[in-house]
Amino acid sequence: MALKRRNLLLFLGASAATVALSSCLPSSRRVSNSSAQAGSQGSSLSFKPVKGPIPLTTDGAVLTKQVEDYSRYEVIDDLVLPEGFTYEVIGAWGDKIGDSRFGYNNDYLSFVETGTNEGWLTINFEYISGGTWMQTYPKVIGKSLPFEEVKAAATEGKINAFALPEGDRLKSQIQAISREALVDLGLGAIAIRQTTDGAWTRTNSSSDRRITGISGLVDNRYLKATGPATAVFRKSQGQGYIDGLGDRIIGTFANCAGGTTPWGTVLSAEENFQDQVPEPVYADGTSFAPKTSPFVINNENIGGLGNVFGLAGNKYGWMVEVDPANPNDYGTKHTWLGRFRHEAVAFKAVVGKPLAVYSGCDRRGGHIYKFVSQGRVKDLKDKANSSLMSEGMLYAAIFEPNGTGRWIALAPKTPVNPVLPSTVEGNLVTLPQRPEGGSFEIKTDAEAIKFKQQYPTLNDLYEGSPIEKQGAILIDAHYAANAAGATTTARPEDTVLAADGSLYIAFTSGSPGSDGGPDKRVFQGSKGKSPWEYGWIVRLQEDGGDPAAMTFRWASFAMGGEPAEGGAGFSNPDNLEFDGNGNLWMVTDMSTSKHNQAVSSRIDGEGKPLEQTDIQGIFGNNSIWCIPTSGSNAGNAYLFGIGPMECETTGPFFSPDQRTLFLAVQHPGENSGIRKDKALQMRKFIIKTTDGKEFEQERQVPLGSNWPGKGANDPPKPAVVAIRRLDSKAISIT
Ligand code: FEO
Ligand code: CA
Ligand code: CA
């Protein structure tokens, strides 16, 4: 999927050359494509890109000065923005929200305006960074928890707390830790207002509220559910564990990315739910027992948070809808949208057509999905549109290497036609295991063919009444999609719909792993290389622009990697957001363990080039980019910002007037915790000029984080910020 300019422009169509040159371009780098420039008359420099850790073709630097300019680099423990921009913190972990608190590891942000310069900010709280959370909890929350005692009682860091008797001291301690951690996960809705000086402030509305991992255990604030899986939830007997709560759900957690509907509700994606509850299910859709996902505690991690409360695994891994403006709404899980490691959601809502809801499953080998409603959209602003998600069909995507694609229904009648391991990077595919439940691995095409002969349709893999079977397929969507032959992809993170109705998808990493890997015929890097760790942004266009289309075209729009290797200069794209001028804003998510890891050589002991995953340290901290989608610089990436140490910048969301970019800073100090006494280290990196010449860089790297307080020894705290220009103008136009 290497970006080929000619193919990209053919794909974008005739309109590409006539659309205004996107305004995130610094004027010094504008190209001399006359038709593109004609459209850009009147706009000038939007921002001067910040200086990143490696030379870029978009940084405004002269090629002959790159070695001199980049031989020293200083990483900063702050949110670094271009000149003329500022930010303020709106809320941070531990702040009061309603009768609870601001949670941990904020991700998706949604701003729904209720009046001029005021509205609801909805925030996802995704997960706990165990080591740093335990280190900073007493200081930030002002209470203590028995971490050390429970660690000492655990066997290899694990305890099946569900089996301990009520009143047992250890069980009570695990309940206390799990409760506090689950309170830090879920969703929050806060009312905010912009003051006359441009700063955003909370109004502390009486409707401010949290929906947490254990809402249902507090004043019966259960979440609701719609769709066929509710028939499974309501079963009183089954092959697996049943929690006895029917279609009521205790909480939501692992809330990663999300989306805002045209009618003003927010959808929040439950992603890595398998860290807290069992993922595997039986043929009837009921869950594996709580003991299969025990409570986990060690110096780095806390997990299995659902174990002690006996949470049913099949009720997690869904898309949750909430109306921030309705103080009595504690969330609804729409099971027609499937259960998998949801990241992101995008809506294609066209009056008179069915509603399409896109999502992706962020795991190695995860799929892209589309729900199509049975009913049609009547009025984009009508909150009754939410009911469209209660009836329809879920489809999974097949991407053909030739740039076409199609959608296959995850219905009982769908033929089994498993993904062939020979087409997958890493040669590993997982399929539903029968009769044991859960899944098993295949590594040869012969095993796939045998499976297909054994189970001709999905109907043969799932059990129950027709509605229960459909529910079980939706509950087991990833494995059902593998069985049906949906394309295994490269860890889809965000999806976002462009103004022209096309869908942009961030595929963050093409490396294989224990869950599987991407289709190596489709996900290729520069010069056809696979695996390609650095990721892509792909554009998908439904045939006829129809939300209910069963065929589509796709093309690579931008590719991660070093400029000298044909990449756009970033690694591992994650959240996506369009500004009002059609520029795509993207934040990266390199795993924390890679950040600024020294690269003292590009070859191993045997003289072979290092793998891409071994040189990711060159890309520094996670960062924020602006990418034009039209004009001659379509697909080129301009560096707008760099996050504090060991963080991920998440949830970019523009205010309707484009003057504010809301942003979440997730897990600062994730691995090293509190930066002690402003500690730092000098590290060496072999980096490349944009034309491929290797040279040495000496890089100053802070150890740990003190953000957002920034005082010596301050605890790092996830926090949400508002970014704006000092001159109060729109962010992407001057
Ligand atoms: Fe929570 Fe896939 O990022
Ligand atoms: Ca993400
Ligand atoms: Ca991510």
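Residues numbered from 1 in each chain as written. Chains lettered and ligands numbered in written order. Predicted model: local features only at pLDDT ≥ 70, side-chain atom pairs only at ≥ 80, totals over all residues. Heavy atoms only, no water.

**Q** So what exactly am I meant to see when it comes to unusual backbone geometry here?
**A** Glycine aside, residues mostly have negative phi, and peptide bonds are mostly found in the trans state. Cis rather than trans, the peptide bond between Arg 434 and Pro 435 has omega equal to 5°. Tracing the backbone shows Pro 435 in the loop between strand 23 (429-432) and strand 24 (439-442). Of note, the phi angle at Asn 220 is positive, near 55°, even though the residue is not glycine. Within the secondary structure, Asn 220 sits in the loop between strand 10 (209-212) and strand 11 (224-226). Positioned with a positive phi, Asp 677 is a non-glycine residue whose angle comes to about 50°. (Helix = DSSP H or I, 4+ residues; strand = E, 2+ residues; numbered from the N terminus.)

**Q** How should I be thinking about the sheet that holds strand 22 (residues 404-409) in this particular structure?
**A** Taken together, the 9 strands give an open sheet; going across it, the order is 18-19-20-21-22-28-27-26-25, and neighbouring strands pair in antiparallel fashion. For this open sheet the edge positions go to strand 18 (342-348) and strand 25 (492-497), each flanked by a neighbour on one side alone. Between one strand and the next, the sheet's axes are offset by a mean angle of 30°, whatever the strand orientation. Note that strand 21 (residues 392-399) and strand 22 share 5 bridges and pair antiparallel. By the bridge assignment, Ala 397 is partnered in strand 22 with Trp 407. The strands touched by helix 10 (residues 477-484) are strand 19 (354-361), strand 20 (368-376), strand 21 and strand 22; relative to strand 20, the strand with the most contacts, the crossing angle is about 100°. (Pairing = 2+ DSSP bridges. Axes fitted to C-alpha atoms, helices over the stretch in contact; angles between N-to-C directions. Contact = heavy atoms within 4.5 Å.)

**Q** Is there a simple way to explain the coordination of the calcium ion (ligand 3) in this structure?
**A** Six octahedral donors around a metal ideally sit at 90 or 180 degrees from one another, while four tetrahedral donors ideally sit at 109.5 degrees. Ligation of the calcium ion (ligand 3) by protein atoms is provided by Glu 493 (OE), Glu 493 (OE), Asp 574 (OD) and Asp 589 (OD), these donors lying 2.1 to 3.0 Å from the ion. Here the donor residues of the calcium ion (ligand 3) share one chain and are spaced in sequence as E-x80-D-x14-D. The calcium ion (ligand 2) is placed at 3.1 Å from the calcium ion (ligand 3), the two being bridged by Glu 493. One end of the pair, Asp 574, is in strand 29 (residues 573-578); the other, Asp 589, is in the loop between strand 30 (584-588) and strand 31 (623-627), and 15 residues separate them in sequence. Here Asp 574 and Asp 589 have matching classes, each one buried. (Donors = N, O, S within 2.8 Å, 3.2 Å for Na, K, Ca; no water. Buried < 20%, exposed > 50% of the residue type's maximum accessible area, 1.4 Å probe, protein only.)

**Q** Got a minute to help me understand the coordination of the calcium ion (ligand 2) in this structure?
**A** Note on the calcium ion (ligand 2): its protein donors are Glu 343 (OE), Glu 343 (OE), Glu 493 (OE), Asp 574 (OD) and Asp 574 (OD). The metal-donor distances range over 2.4 to 3.2 Å. In this structure, the calcium ion (ligand 2) is surrounded by 6 donor atoms whose angles at the metal cover 43 to 139°, and the resulting shape is irregular. Read in sequence order, the donor residues coordinating the calcium ion (ligand 2) give the pattern E-x149-E-x80-D. (Tetrahedral: all angles 85-135°; square planar, octahedral: opposite > 155°, others 65-115°.)

**Q** Mind showing me how you'd approach the environment of Trp 200 here?
**A** Position of Trp 200 relative to the elements: it lies in strand 9 (residues 200-202). Trp 200 sits in the buried class, given a relative accessible area of 6%. Sequence separation between Trp 200 and Asn 117 is 83 residues; the distance between their C-alpha atoms is 8.9 Å. Leave out the neighbours within four places in its chain, and Trp 200 touches Glu 88, Ile 90, Phe 111, Asn 117, Ile 192, Arg 193, Gln 194, Thr 660, Phe 662 and Ala 722. A polar atom in the side chain of Trp 200 sits 2.9 Å from the side chain of Thr 660. (Polar contact = N/O pair within 3.5 Å; in protein donor to acceptor, adjacent residues only side chain to side chain.)

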